[in-house]
Amino acid sequence: MKRDRSSQATPSALLSLQRGLTGNRELAGSGYMDDPAYRAAYADYYRAVSMAQVARIFAVSGISPRSILDMGAGPGSVSLEALGSGAREFHLVDSSRAVLELAGSSLKNMADRLGTAVSVTLTASDLEAPGAYPARAFDLVAFGHCLNEIGAGADGVARRLAVVRRAASAIAPGGAALILEPATLASSRDALALRDALVAEGWRALSPCTAPGPCPALTAGPSHTCHDESAWDVPPEVRRQAESAGLDRDLIKMTWFIVAPPPGIPSSPVLPPDDSSGYEEYRVVSMPMLNKGGRVRYLLCGPGGRFPFSARKDDEAARRAGFFSLGRYDLLRIENPEIREGGWGFGPGTSIRRLGALASAGGAVIV
Ligand SMILES: C[S@@+](CC[C@H](N)C(=O)[O-])C[C@H]1O[C@@H](n2cnc3c(N)ncnc32)[C@H](O)[C@@H]1O
């Protein structure tokens, strides 16, 4: 990705950006994108991280929008990744005109490299202002790491709910909204509280959630949340910058969900058709954990809530079924689980089928 030529990112700008956005949060909502040093640090480092996160979201959910309303667009992370996977119409909104101009030129450069025509509209506006919403509708309205910069605590969740509610009018029939937020405990729990508030108003959680009602992680207690985490191919320049600033970037971590506005629609053009045929599906929502009893355990989330699914660490049938290579956010259909106290076990008659876009994109289907 090309640099913002007005300045170069420095390790100290990157470090204070990281602290100000995810540590003490002093920069959140402060207009930091108007500062050339922060803008360059974000564009050179965080944009690549956000793009990898969006690629992962598209892979897990199977989403493939053609038109995007990119709210809190920053240097265009969500739109750029979507352009690479087929989107052609972009409307970007941000309070910083300078970062929008950078996003616009990056999109045009990438479209030229791809040899494709794109439509790009830039609107400098506060997301809470009526002028932020264009009078047309899009396949996907995306909020990439921006809602957490609006307010804090319960007031923040209420203000973010009002922003997403208002965005419903900009979602085309069959379209959806994507909310992507940091994975820190507080930001993640706030994002899930927003999800629950939307679901309570009749929005449908399409992905990655498999539980229709309130998020079971939120009700499990104040130290619980649900976040996605995966390894990625760290670009050499991002690795170099992470090392100079002393940041760890081997994993991408985030909290995200895709929701459709009420009234719900049975299948959405931006998502693959629902082929669950009435079967219950469960999402793996943890890494594997080994307990003292010698069992490997994952947390599953789905229609039966959030509960453990375990197998003895030397269970040969479980190994053959791929149990030990399950990953966070894999989508599973599980038949004949062994019913154990407080959860499920891998028993003699258990079969696991890995579903969804990640599986069809090359992952093994496990039976
Ligand atoms: C952390 S950046 C995220 C950029 C990009 N969406 C991404 O995911 O990489 C947050 C962006 O939201 C913008 N932003 C924050 N609060 C805003 C508000 N109330 N109105 C408009 N833009 C806002 C900031 O200017 C910044 O560009």
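(A) Spatial organisation of helix H4 (residues 97-114). Here H4 contains 18 residues, and its C-alpha end-to-end distance of 26 Å stays within 8% of the 26 Å for a straight helix at 1.5 Å per residue. Every buried residue of H4 is accounted for by Val99, Leu100, Leu102, Ala103, Gly104, Ser106, Leu107, Met110 and Ala111. Among the structural elements, helix H2 (36-61), helix H3 (77-84), strand E2 (89-94) and strand E3 (119-124) are those in contact with the buried residues of H4.

(B) Structural view of the packing of aromatic side chains. Across all of its chains, the model carries eleven aromatic pairs by this definition. Taking the centre distance of 5.0 Å and the plane angle of 90° together, the rings of tyrosine 45 and tyrosine 46 count as edge-to-face. With respect to class, tyrosine 45 is no different from tyrosine 46; both count as buried. Grouped by ring-pair contacts, the aromatic residues Tyr282, Tyr298, Phe307, Phe309, Phe323, Phe324, Trp344 and Phe346 constitute a single cluster. Arginine 136 extends its terminal NZ or CZ atom over the ring of phenylalanine 138, reaching a point 4.2 Å from the ring centre.

(C) Representation of the packing of helix H5 (residues 153-167) against helix H6 (residues 185-200). Direction vectors running N to C along H5 and H6 enclose 50°, while the axes themselves pass 10 Å from each other. Between H5 and H6, the angle is such that the two are oblique. Considering only the axes of H5 and H6, their crossing is right-handed. The residues of H6 that touch H5, namely those facing Gly153, Val157, Arg160, Leu161 and Val164, are Asp190, Ala193, Leu194, Ala197 and Leu198. Broken down by class, the residue content of the contact of H5 with H6 amounts to seven nonpolar, one polar and two charged.

(D) Inspection of the pattern of salt bridges at higher detail. Applying the stated criterion across every chain yields a total of 15 salt bridges. Glutamate 201 is paired through a salt bridge with arginine 165; the nearest N and O atoms lie 2.6 Å apart. Residue glutamate 201 is found in the loop between H6 and strand E6 (204-207), and its partner arginine 165 is found in helix H5; the two are separated by 36 residues along the sequence. Judged by its relative accessible area of 33%, glutamate 201 falls in the partly exposed class. Exposure remark for arginine 165: the relative accessible area of 40% places this residue in the partly exposed category. Here the salt bridges do not stand alone but share partners, grouping Glu128, Asp155 and Arg159 into one network.

(E) Geometry of the side chain of arginine 249. Tracing the chain through its elements places arginine 249 in the loop between helix H8 (236-245) and strand E8 (251-260). No salt bridge is formed by the buried arginine 249; its nearest oppositely charged neighbour, aspartate 248, is found at 7.1 Å. A polar contact of 2.9 Å, which involves the side chain of arginine 249, links it to the side chain of tyrosine 45.

Reading the values: rules and limits
- Residues numbered from 1 in each chain as written.
- Predicted model: local features only at pLDDT ≥ 70, side-chain atom pairs only at ≥ 80, totals over all residues.
- Heavy atoms only, no water.
- Helix = DSSP H or I, 4+ residues; strand = E, 2+ residues; numbered from the N terminus.
- Expected span 1.5 Å × (residues − 1).
- Buried < 20%, exposed > 50% of the residue type's maximum accessible area, 1.4 Å probe, protein only.
- Contact = heavy atoms within 4.5 Å.
- Phe/Tyr/Trp six-rings, centres within 6.5 Å; stacked < 30°, edge-to-face > 60°.
- Lys NZ or Arg CZ within 6 Å of the ring centre and 35° of its normal.
- Axes fitted to C-alpha atoms, helices over the stretch in contact; angles between N-to-C directions.
- Parallel < 35°, antiparallel > 145°, perpendicular 65-115°, else oblique.
- Left-handed = near helix turned anticlockwise from the far one by under 90°.
- Nonpolar A, V, L, I, M, F, W, Y, C, P; charged D, E, K, R; others polar.
- Salt bridge = Lys/Arg side-chain N within 4 Å of Asp/Glu carboxyl O.
- Lys, Arg positive; Asp, Glu negative; His and termini not counted.
- Polar contact = N/O pair within 3.5 Å; in protein donor to acceptor, adjacent residues only side chain to side chain.

Scope: geometric values only; no functional claims are made or implied.
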